Amino acid sequence: MDKRIPEQHIIQPDWPAPDNIQALCTTRLSFSPSSDMLPPEAYEHFNLALHVGDTASSVQTHRRQLASYLGVQEANIAWLEQVHGTRVVDATEACATLSASPEKADASFTRTPAVACTVMTADCLPVLFCNLPDQGEMQYVAAAHAGWKGLAAGILSDTLSRFPQPNNVIAWLGPAIGQAHFEVGQDVYDAFVLKDAGNAEAFVFNHNASQQAPKWHASLYQLARRELLAAGIKGVYGGNWCTYKDKQWFYSFRRDGSKSGRMASLIMIR
C-alpha cells in the first residue's frame, strides 16, 4: 500500500498502528482534483512551508485544509522550525507557543489526543513513531525530521528515548531522497562510519564522479533502519519512495532548488 497514492493524494502509512492512531504524509498534489496536474512553479500547489518564497496566504490556506481533513484545530498542529539538530520537544507545549514563534527543533512527541506531531520535508527523511501499549499503558506518538546531519547526530534515538518502552514502538519511514540520487562527500561517509562501522553498507562509492574528492551515494532509509533496529524497536515500515525521482508527487530541494515546497508528515492520537 505504501507504493500507492490513495484518495486525496495523501499517503496513509501501511503499518500495524493501533486504531486510534492517525498518520499521513501530504504530497505536492494533496487535495488536487487531478493527479495529472503539475504546478508551474516548484513550490506551488500544496506547499506547507512559510519559508520557501511561497505566499503566506497560500500556505495558510493549505494548512487550514490539512487541519480540516484531520478534524483538528489549526493550533493543534505542531509546526516546528527545523534546524537539522537533535532537539525533541513536547508537541502540546510547541502548539501552546506557536502563535509567538515555532519551536526550533527537529522532532516532537505527545500523549495528548488531537495534537499532531508534524515535520516538513523535501528530501530529508520523515519518521513517524507510535507505541503499541499494553492494557493500562499510555499511548504516545512522535515525528522526527532526519536529514543526514540530524540522523548522524542521533535524532531518531533521541526521539525514541521519549517512549517509556522503546522495544514496544514501531516506526514508519516516509518519502525521502533515494540512494541513487543522494550523492554525498567523504565528510558524510565518515560521520556515519565513525559512529558505526556497519553503516558503511548504506553507502555505494561513486566511481563515475568527475570531482577529485571521493563521492558516495547514501541511503537514508538504510541508515535509519540500522539505527532503529539496533535500538530494539519492534518494527520499521515504509521507506520505498524517492522524492527526487517522483516529481509528480513530491517536492525535492536537491532537484528543484530554493523554490522547492515542503510536504508534511504527521501523526496524532484520535
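Scoring rules and cut-offs
Residues numbered from 1 in each chain as written. Predicted model: local features only at pLDDT ≥ 70, side-chain atom pairs only at ≥ 80, totals over all residues. Heavy atoms only, no water. Helix = DSSP H or I, 4+ residues; strand = E, 2+ residues; numbered from the N terminus. Rg over C-alpha atoms; globule rule 2.2 N^0.38 Å. Buried < 20%, exposed > 50% of the residue type's maximum accessible area, 1.4 Å probe, protein only. Contact = heavy atoms within 4.5 Å. Areas by Shrake-Rupley, 256 points an atom, 1.4 Å probe, with all protein chains shown as cover. Polar contact = N/O pair within 3.5 Å; in protein donor to acceptor, adjacent residues only side chain to side chain. Pairing = 2+ DSSP bridges. Axes fitted to C-alpha atoms, helices over the stretch in contact; angles between N-to-C directions. Phe/Tyr/Trp six-rings, centres within 6.5 Å; stacked < 30°, edge-to-face > 60°. Lys NZ or Arg CZ within 6 Å of the ring centre and 35° of its normal.

Student: How would you sum up the overall build of the protein? Please name residues and give values.
Tutor: When helices and strands are tallied, the protein shows seven helices and 15 strands. In terms of overall dimensions, the protein is globule-like: its C-alpha atoms have a radius of gyration of 18 Å, near the 18 Å expected for 270 residues. Once the C-alpha set of the protein is aligned to its principal axes, its extents read approximately 50 × 50 × 35 Å. Going through the 270 residues of the protein one by one, you find that 54% of them count as buried. Summarising the internal contacts of the protein: among those between residues at least 6 apart in sequence, 65% fall at separations of at least 24. Surface exposure of the protein reaches about 11,700 Å², of which carbon and sulfur atoms provide 48%.

Student: Which residues make up the side chain of Asn131, and what are the values?
Tutor: Mapped onto the fold, Asn131 is located in strand β8 (residues 125–131). Within the structure, the side chain of Asn131 is placed 3.0 Å from the backbone oxygen of Met138, a separation counted as a polar contact. Within polar-contact distance, the side chain of Asn131 engages the side chain of Gln139 at 2.6 Å. Discounting chain neighbours no more than four positions away, the residues touching Asn131 are Pro18, Met138, Gln139, Tyr140, Phe163, Asn168 and Val169.

Student: How would you summarise unusual backbone geometry if you had to cite specific residues and measurements?
Tutor: One non-glycine residue with positive phi stands out, namely His9, at about 60 degrees. Along the polypeptide, His9 turns up in the segment before β1 (21–25). With a phi angle near 60 degrees, His84 is a residue other than glycine that sits in the positive phi range. Among the secondary structure elements, His84 is positioned in the loop between β3 (80–81) and β4 (88–90).

Student: Residues and numbers for the sheet that holds strand β12 (residues 203–205), please.
Tutor: Pairing is antiparallel across the open sheet formed by three strands, whose spatial order is β11-β13-β12. The open sheet is flanked by β11 (183–185) and β12, the only strands paired with a single partner. Pairwise comparison of adjacent strand axes, ignoring direction, gives a mean angle of 40 degrees for this sheet. Relative to strand β13 (residues 215–218), β11 runs antiparallel, the two sharing three bridges. The residue of β13 that forms the bridge with Glu183 is His217. The sheet strands contacting helix α5 (residues 186–195) are β11, β12 and β13, and the helix crosses β11 at an angle near 80 degrees.

Student: Give me the lowdown on the packing of aromatic side chains, citing residues and values where you can.
Tutor: Scanning the entire structure with this criterion turns up 10 aromatic pairs. Residues Trp241 and Phe250 carry aromatic rings whose centres are separated by 5.3 Å and whose planes lie at 85 degrees to one another, so their mutual orientation is edge-to-face. Each member of the pair, Trp241 as well as Phe250, carries the same accessibility label: buried. In this structure an aromatic cluster arises from ring pairing among Tyr189, Phe192, Phe203, Phe205 and Trp216. The lysine or arginine in question, Arg63, covers the ring of Trp79, its NZ or CZ lying 4.0 Å from the ring centre.

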